[in-house]
Amino acid sequence: MKIIMLGAPGAGKGTQAKMIAAKYGIPHVSTGDIFRANIKNGTELGKKAKTYMDAGQLVPDSLTVDLLIDRISQDDCANGYVLDGFPRTIPQAQCLEDALAARGESVDYAINVEVPDSNIVNRMGGRRACVTCGATYHIVHIPPKKEGICDKCGSGLILRDDDKPETVQNRLKVYHEQTQPLIDFYSKKGVLKEVDGTQEMNAVFEDIVKILGA
Ligand code: ADP
Ligand code: ADP
Ligand code: ZN
């Protein structure tokens, strides 16, 4: 099962992608997580990506596409995967289509998690991320059991640099200009599914399970 998560930054793609990965036993592949791991490890790729990420811009396709195609070519992706944060531009989507077509494959579901911009700023301002395992929380809606500490691994939680309000506005603008056109792209391919992302986390997931099948 090859699944793409679509939706604005902060719509809950990552939250749902992790739940999908756990239920269906497929890897959760997040380009944002891959970039953040590279930043943490001080790699060349991380240094390049950070300047774009901190400005709320997209990392150029030249640094993103090969990385993602490599990742989904690994053995653990043989039975499918859930992509979170890729593709984000039409050229990225086209490269993915081409790479899959070369193996006689295609995307099965593109799930659009629909949340209006007015909810997004609140979601991002309250997001807290685990520096070690990548788990995400919300200080009001999905709080950790102990404030500032990851339930899963006990590490400290941080507010991401790019979740500050100034950067969030820029990311929303970039989303509408460059990523939203993918909704039409996948609709034309007949694989688009829409879910109401304003519901609470488990209700959103129930709607997704209805689409993917139990
Ligand atoms: P969010 O989950 O809030 O949408 P991500 O973790 O997916 O954020 O992405 C964080 C940042 O990483 C993006 O704002 C962008 O700079 C960069 N990034 C992640 N995925 C891509 C991609 N497919 N193409 C270009 N930039 C990306
Ligand atoms: P994305 O990957 O689309 O950027 P996240 O999954 O990281 O989004 O979610 C953004 C923030 O909103 C996080 O703080 C997360 O805990 C919170 N969140 C996710 N889903 C919901 C929901 N259904 N209701 C309220 N808050 C949510
Ligand atoms: Zn953790």
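As shown above, the structure is provided for reference.
Note that the coordinates shown come from a computational prediction; the quantities given were computed from them, not determined experimentally.

So, how was this worked out
Residues numbered from 1 in each chain as written. Chains lettered and ligands numbered in written order. Predicted model: local features only at pLDDT ≥ 70, side-chain atom pairs only at ≥ 80, totals over all residues. Heavy atoms only, no water. Axes fitted to C-alpha atoms, helices over the stretch in contact; angles between N-to-C directions. Helix = DSSP H or I, 4+ residues; strand = E, 2+ residues; numbered from the N terminus. Parallel < 35°, antiparallel > 145°, perpendicular 65-115°, else oblique. Left-handed = near helix turned anticlockwise from the far one by under 90°. Contact = heavy atoms within 4.5 Å. Nonpolar A, V, L, I, M, F, W, Y, C, P; charged D, E, K, R; others polar. Phe/Tyr/Trp six-rings, centres within 6.5 Å; stacked < 30°, edge-to-face > 60°. Lys NZ or Arg CZ within 6 Å of the ring centre and 35° of its normal. Near = heavy atom within 4 Å. Polar contact = N/O pair within 3.5 Å; in protein donor to acceptor, adjacent residues only side chain to side chain. Areas by Shrake-Rupley, 256 points an atom, 1.4 Å probe, with all protein chains shown as cover. Pairing = 2+ DSSP bridges.

Undergrad: Which parts of the structure should I look at to understand the packing of helix H2 (residues 31-40) against helix H3 (residues 44-54)?
TA: Between H2 and H3, the least distance of the axes is 8 Å, while the angle of their chain directions is 120 degrees. Considering the angle they form, H2 stands oblique to H3. Crossing of H2 against H3: the hand is left-handed. Side by side, H2 and H3 meet where Gly32, Phe35, Arg36, Asn38 and Ile39 of the first sit next to Leu45, Gly46, Ala49, Lys50 and Met53 of the second. Here the contact of H2 with H3 is composed, by residue class, of five nonpolar, three polar and two charged.

Undergrad: What am I meant to see in the packing of aromatic side chains here?
TA: Considering all chains together, one arrives at one aromatic pair under this definition. Pairing Phe185 with Tyr186 gives two aromatic rings, centres 4.9 Å apart and planes at 75 degrees, and the pair type is edge-to-face. Between Lys23 and the ring centre of Tyr24, over which it is positioned, the NZ or CZ distance is 5.7 Å. Looking at Lys189, its charged tip hangs above the ring of Phe185, at a distance of 5.0 Å from the centre.

Undergrad: How should I be thinking about the environment of Thr15 in this particular structure?
TA: On the secondary structure map, Thr15 appears in helix H1 (residues 13-24). When the C-alpha atoms of Thr15 and Thr136 are compared, they prove to be 7.1 Å apart, with 121 residues separating the residues in sequence. Setting aside its immediate chain neighbours within four residues, Thr15 contacts Thr136 and Met201.

Undergrad: Hey, could you run me through the site of ligand 2 in this one?
TA: If you check the shell around ligand 2, you find 17 residues, and the closest are Gly10, Lys13, Thr15, Arg127 and Tyr137. Take Thr15: an N or O atom from its side chain is 2.6 Å from an oxygen atom of ligand 2. The side chain of Arg123 places a nitrogen or oxygen atom 3.5 Å from a nitrogen atom of ligand 2. Here ligand 2 loses 93% of its free accessible area of 560 Å² to cover by the protein chains. Of all elements in the fold, only H1 and strand S6 (136-138) reach the threshold of two or more residues within the shell around ligand 2. Per-element accounting of the shell around ligand 2 gives the leading share, three residues, to H1. Here the shell around ligand 2 is composed, by residue class, of six nonpolar, seven polar and four charged.

Undergrad: So what exactly am I meant to see when it comes to the sheet that holds strand S5 (residues 127-130) here?
TA: Remark on secondary structure: sheet strands pair via backbone hydrogen bonds, oriented parallel or antiparallel. The strand order S6-S5-S7 describes an open sheet built from three strands, whose pairing is antiparallel. For this open sheet the edge positions go to S6 and strand S7 (157-158), each flanked by a neighbour on one side alone. Running over the sheet, helix H6 (residues 117-125) touches S5 and S6 and is turned about 40 degrees from S5.

Purely geometric numbers; function is a separate question.
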